[in-house]
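Residues per chain are reported as follows:
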Amino acid sequence: TSALLEQQEDGDDGESDERGEADSGRPAEQTRDSASLLCPGPPTYLPQRERLARERVVCFIPSTLPVPAEEKTPLSQPPRYLQDEGLYVGERPHVGWTNQAAVENRLLKRKDKGRGWFGEDGLLLCQPDPLRQIHARPLLLQYEGTEHLEFRNAKVEALNQKLLDKGYGQNTYQLDVDIASLHFTHHPLFSPEHVLASRLTQEWEQYRRRWRSNMAEYYGERLPALQRATHDLKQALQETDPSSPEWSGLESRLQQYRHEIRTVRQRKRKEEATDHHLLQSILRTWQELKVLRQTQGYSSSA
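Small disclaimer: the values here were computed from a predicted structure and weren't measured. (Residues numbered from 1 in each chain as written. Predicted model: local features only at pLDDT ≥ 70, side-chain atom pairs only at ≥ 80, totals over all residues. Heavy atoms only, no water.)

Along the chain, the regular secondary structure elements total seven helices and zero strands. Ordered by position in the sequence, the α and β elements of the chain form the string α-α-α-α-α-α-α. Residues classed as buried in the chain amount to 15% of the 302 residues present. Put simply, 71% of the contacts in the chain that link residues at least 6 apart link residues at least 24 apart. (Helix = DSSP H or I, 4+ residues; strand = E, 2+ residues; numbered from the N terminus. Buried < 20%, exposed > 50% of the residue type's maximum accessible area, 1.4 Å probe, protein only. Contact = heavy atoms within 4.5 Å.)

See below:
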């Protein structure tokens, strides 16, 4: 047994000597790394400047400063604003200016300089804001009475071929129409109050257009001028010899002035009568609307 223990100790000494010789042949860096793994210590600290410098080499952080519009338009042209030219431009969705500037700076760093991402006004291309101002659909009450409803058939009119250019008949074009708002003058779901309110609005718009044109006052001012011209022409006829060639011309002009005076007087009376009847219709519709609201239990509505 003692002999076996001595042989085992000799073998362990030989293995330790061989392991020491093998460790002595390793590089110094590997020995140091293994020592750092085995021996715990404080973490290595990089200064902020050095850390940011390394991040700039690896990562791209776009600037949040705004970009001039000339740098974003094609061929560095001045921006073109469609709303200033009278075209409808939908309301853009709300985006923070820092986020928008970061996206613009990122796109401008591309090889194509963000081609296809910017519009003629230098802003990012986007669809109009689809969100509605009304959060919920308004309540529509159903009414059984339909005495105020009037059905109108749809009209189909023939297309005027003279307005089409025959040279471009083989090509296909797309017409984009942006509708800002839509107002209904009549609808099958209208209640009696809606019908009366729509009628009152139409009559008021018609009365306002007639008030702006003011044709009755125009004919009223033209009538005295014609009467003065007729009076002067009568005096010229009295002073002119009937046998002279000028007398026949003055007589025909006098007849023409008298005919024009009658026509202007008739038009003036017609315009005044139309304004009077339209004003009476407005008052009558308003009275019907007030009675309907009082019957329903309230005096005004939206």
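Structure's up, so let's keep going.
Along the chain, the position of Trp-97 falls in helix α4 (residues 97-108). Residues Trp-97 and Leu-65, 32 residues apart in the sequence, show an inter-C-alpha distance of 9.0 Å. Those residues within four positions of Trp-97 in sequence are excluded, and the remaining contacts are Thr-64 and Pro-66.

A few words now on the packing of helix α5 (residues 192-213) against helix α7 (residues 245-296). Where α5 contacts α7, the axes come no closer than 9 Å and their chain directions differ by 155°. By the criterion of interaxial angle, the relationship of α5 to α7 is roughly antiparallel. Seen from above, α5 lies across α7 with left-handed handedness. Its residues assigned to classes, the contact of α5 with α7 comprises 12 nonpolar, five polar and eight charged. (Axes fitted to C-alpha atoms, helices over the stretch in contact; angles between N-to-C directions. Parallel < 35°, antiparallel > 145°, perpendicular 65-115°, else oblique. Left-handed = near helix turned anticlockwise from the far one by under 90°. Nonpolar A, V, L, I, M, F, W, Y, C, P; charged D, E, K, R; others polar.)

On to the environment of Gly-119. Relative to the helices and strands, Gly-119 is located in the loop between α4 and α5. Considering only alpha carbons, one finds Gly-119 and Pro-74, 45 residues apart in sequence, at a separation of 8.4 Å. Setting aside residues no more than four positions away along its own chain, Gly-119 makes contact with Thr-73, Pro-74 and Leu-125.

With 22 residues, α5 extends 32 Å between its outermost C-alpha atoms, agreeing within 8% with the 32 Å of an ideal straight helix rising 1.5 Å per residue. Regarding α5, the residues found buried are Pro-192, Glu-193, Val-195, Leu-196, Ser-198, Leu-200 and Glu-203. For α5, the elements touching its buried residues are α7. Asn-214 lies just past α5 and shows a positive phi near 55°. (Expected span 1.5 Å × (residues − 1).)

Located in the positive-phi region is Lys-113, a residue other than glycine, with phi close to 60°. With respect to the element layout, Lys-113 can be found in the loop between α4 and α5. With phi around 55°, Asn-214 is a residue other than glycine that occupies positive phi space. Secondary-structure assignment places Asn-214 in the loop between α5 and α6 (215-239). Looking at Asn-214, the relative accessible area reads 29%, which means it is partly exposed.

A complete count under the given rule lists two aromatic pairs for this structure. Taken together, a centroid distance of 5.3 Å and an interplanar angle of 55° make the contact between Tyr-218 and Tyr-219 tilted. On the basis of relative accessibility, which here comes to 10%, the residue Tyr-219 falls in the buried class. (Phe/Tyr/Trp six-rings, centres within 6.5 Å; stacked < 30°, edge-to-face > 60°.)

Just distances and angles here, no functional claims.
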